Amino acid sequence: MWTVPTITIVYPSNVPGISYHNIMAATAMATPIAHKGAVVGAKVATMTLLDLMTTPELVAGAKAWQQQVQFKTERYAPLLGPEDQPAIHLNADLMAKMRPQMEKYYFDPKKYKSYLE
């Protein structure tokens with residue numbers, strides 16, 4: 001977001017106002033109505049990309065706004081340096097213990113036609 005302008009597209013694929021980091025949100029997102037919302041959202045994202053690719057002045061305007069308005073008073077200061085590595089070792093023991101227990105919940109294409117079933 002600090003390098004190129006970005007767009008956030010919101011579409012109806014979950015319960016309005018729900019907190020997304022819980023099992024209810026995950027379950028709601030696996031329903032046929034949520035799938036329909038995601039399909040419509042994908043169409044909107046595709047048409048937006050097509051507009052951006054075929055209308056260079058939209059991209060130029062977004063970049064100008066980013067540089068002249070958004071970055072007028074804000075600057076990016078990274079917390080991590082180029083030599084910093086992700087600390088994935090911190091949960092290696094936990095994942096080694098939990099991964100086999102999670103495997104029984106993985107999607108099985110032999111059992112279901114799609115994740116919606």
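The structure presented is a predicted model; accordingly, all values stated were derived computationally and were not measured.

Reading the values: rules and limits
- Residues numbered from 1 in each chain as written.
- Predicted model: local features only at pLDDT ≥ 70, side-chain atom pairs only at ≥ 80, totals over all residues.
- Heavy atoms only, no water.
- Helix = DSSP H or I, 4+ residues; strand = E, 2+ residues; numbered from the N terminus.
- Rg over C-alpha atoms; globule rule 2.2 N^0.38 Å.
- Buried < 20%, exposed > 50% of the residue type's maximum accessible area, 1.4 Å probe, protein only.
- Areas by Shrake-Rupley, 256 points an atom, 1.4 Å probe, with all protein chains shown as cover.
- Lys, Arg positive; Asp, Glu negative; His and termini not counted.
- Charge placed at Lys NZ, Arg CZ, Asp CG, Glu CD.
- Contact = heavy atoms within 4.5 Å.
- Axes fitted to C-alpha atoms, helices over the stretch in contact; angles between N-to-C directions.
- Parallel < 35°, antiparallel > 145°, perpendicular 65-115°, else oblique.
- Nonpolar A, V, L, I, M, F, W, Y, C, P; charged D, E, K, R; others polar.
- 1 Å grid on protein atoms, 1.4 Å probe; cavity = no way out; pocket = protein on both sides within 12 Å on 5 of 7 lines; lining within 4 Å.
- Points joined across faces, edges and corners; volume = space filled by probe spheres on them.

Enquirer: Is there a simple way to think about the overall build of the protein in this case?
Expert: The number of helices and strands found in the protein is four helices and zero strands. Element order for the protein, N to C, with α for helix and β for strand: α-α-α-α. Whereas a compact globule of 117 residues would reach a radius of gyration of roughly 13 Å, the protein reaches 21 Å, over 25% beyond that. If one aligns the C-alpha atoms of the protein with their principal axes, the spans along those axes are about 50 × 40 × 30 Å. Looking at the 117 residues of the protein, the share that counts as buried comes to 9%. Carbon together with sulfur atoms contributes 65% to the accessible area of the protein, which is approximately 10400 Å² in total. Computed over 11 positive and 9 negative side-chain charges, the inter-centroid distance for the protein is 8 Å.

Enquirer: So what exactly am I meant to see when it comes to the environment of Lys63 here?
Expert: Its location among the elements puts Lys63 in helix H3 (residues 56-68). Sequence separation between Lys63 and Lys97 is 34 residues, and the spatial gap between their C-alpha atoms is 47 Å. What Lys63 contacts, discounting residues up to four positions off in sequence, is Thr3, Val4 and Pro5.

Enquirer: Whenever I open this one, the environment of Ala96 confuses me. Can you help?
Expert: Take Ala96: it is sitting in helix H4 (residues 92-102). Measuring from C-alpha to C-alpha, the distance between Ala96 and Asp108 comes to 21 Å, with twelve residues separating the pair along the chain.

Enquirer: Help me understand the packing of helix H2 (residues 32-54) against H3, please; the structure alone is not making it clear to me.
Expert: Running from N to C, H2 and H3 point in directions that differ by 95 degrees, and their axes come no closer than 4 Å. It follows that H2 is roughly perpendicular to H3 by the angle criterion. Along the contact surface, H2 presents Asp51, Leu52 and Thr54, while H3 presents Pro56, Leu58 and Val59. In terms of residue class, the contact of H2 with H3 is made up of four nonpolar, one polar and one charged.

Enquirer: Which parts of the structure should I look at to understand the environment of Asn91?
Expert: Residue position: Asn91 is located in the loop between H3 and H4. Relative accessible area serves as the criterion here: at 37%, Asn91 is assigned to the partly exposed category. Between the alpha carbons of Asn91 and Tyr76 there is a distance of 29 Å; along the sequence they are 15 residues apart.

Enquirer: Looking at this structure, how should I read the layout of surface pockets?
Expert: Empty space among the atoms can be located by rolling a probe the size of a water molecule over them. Taken as a whole, the largest pocket spans an internal volume of roughly 170 Å³. Looking at the largest pocket, the residues that line it are Lys104, Tyr105, Tyr106, Phe107, Asp108, Lys111, Tyr112, Ser114, Tyr115 and Glu117. Here the residues of the lining of the largest pocket sort into five nonpolar, one polar and four charged.

Enquirer: How should I be thinking about the side chain of Gln66 in this particular structure?
Expert: If you trace the backbone, Gln66 turns up in helix H3. Residues in contact with Gln66, not counting those within four places in the same chain, are Met1, Trp2, Thr3, Val4, Pro5 and Phe71.

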